[in-house]
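What follows is each chain in one-letter form.
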Amino acid sequence: MKTSRHTRTEDKTARIRRTRTTQQPSRIRRGRRRSALIYHALRGAAYATGAGTVGLGFYLIQQQI
């Protein structure tokens, strides 16, 4: 068992043992993951387009001055 640094007593909490599963993710999970990926990609593209447009606008303004 692990000993706490502050109290010097044994930690009686049970440890959770994580094991790897060889099962493929279900179709629901795969679908959610795919839609989340598409959502974030589109959102990133929208931010990039907006930032590029603003940058181009400021560049054109500087060229006029």
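Described below are features of the structure shown in this document. (Residues numbered from 1 in each chain as written. Predicted model: local features only at pLDDT ≥ 70, side-chain atom pairs only at ≥ 80, totals over all residues. Heavy atoms only, no water.)

1. Quick word on the overall build of the chain
For the record, the criterion: Counting from the N terminus, the helices are DSSP H or I runs at least four residues long and the strands are E runs at least two residues long. Burial classification: accessible surface area is computed with a 1.4 Å probe over protein chains only, and a residue below 20% of its type maximum counts as buried, one above 50% as exposed, and the rest as partly exposed. Method for areas: the Shrake-Rupley scheme with a 1.4 Å probe, in which residue coverage is limited to the protein chains shown.
Summing up its helical and strand segments, the chain has one helix and zero strands in all. Counting every position in the chain, which comprises 65 residues, the buried fraction comes to 0%. Summed over all atoms, the accessible surface of the chain reaches about 7200 Å², with 56% contributed by carbon and sulfur.

2. Overview of a nonpolar patch on the surface
Filter applied, for reference: Put simply, a patch holds well-exposed residues, over 30% relative accessible area, that have no salt bridge, with like charges counted together within 9 Å and Val, Leu, Ile, Met, Phe, Trp or Tyr side chains within 5 Å. For this analysis, a salt bridge means a side-chain nitrogen from Lys or Arg found within 4 Å of a carboxyl oxygen belonging to Asp or Glu.
There is a patch of nonpolar side chains on the surface, built from Val 54, Phe 58, Ile 61 and Ile 65 and spanning about 480 Å² of accessible area. Mapped onto the elements, Ile 61 comes out in helix α1 (residues 27–64).

3. Some thoughts on a positive patch on the surface
Note the threshold: Counted as positive: Lys and Arg. Counted as negative: Asp and Glu. His and the chain ends are not counted at all. In this description, the location of a charge corresponds to atom NZ of lysine, CZ of arginine, CG of aspartate or CD of glutamate.
Side chains of Arg 29, Arg 30, Arg 32, Arg 33 and Arg 34 sit close together on the surface and give a patch of like positive charge. With respect to the helices, strands and loops of the structure, Arg 33 is situated in helix α1. A residue is classified by how much of its surface remains accessible, and Arg 33, at 52% relative accessible area, is exposed.

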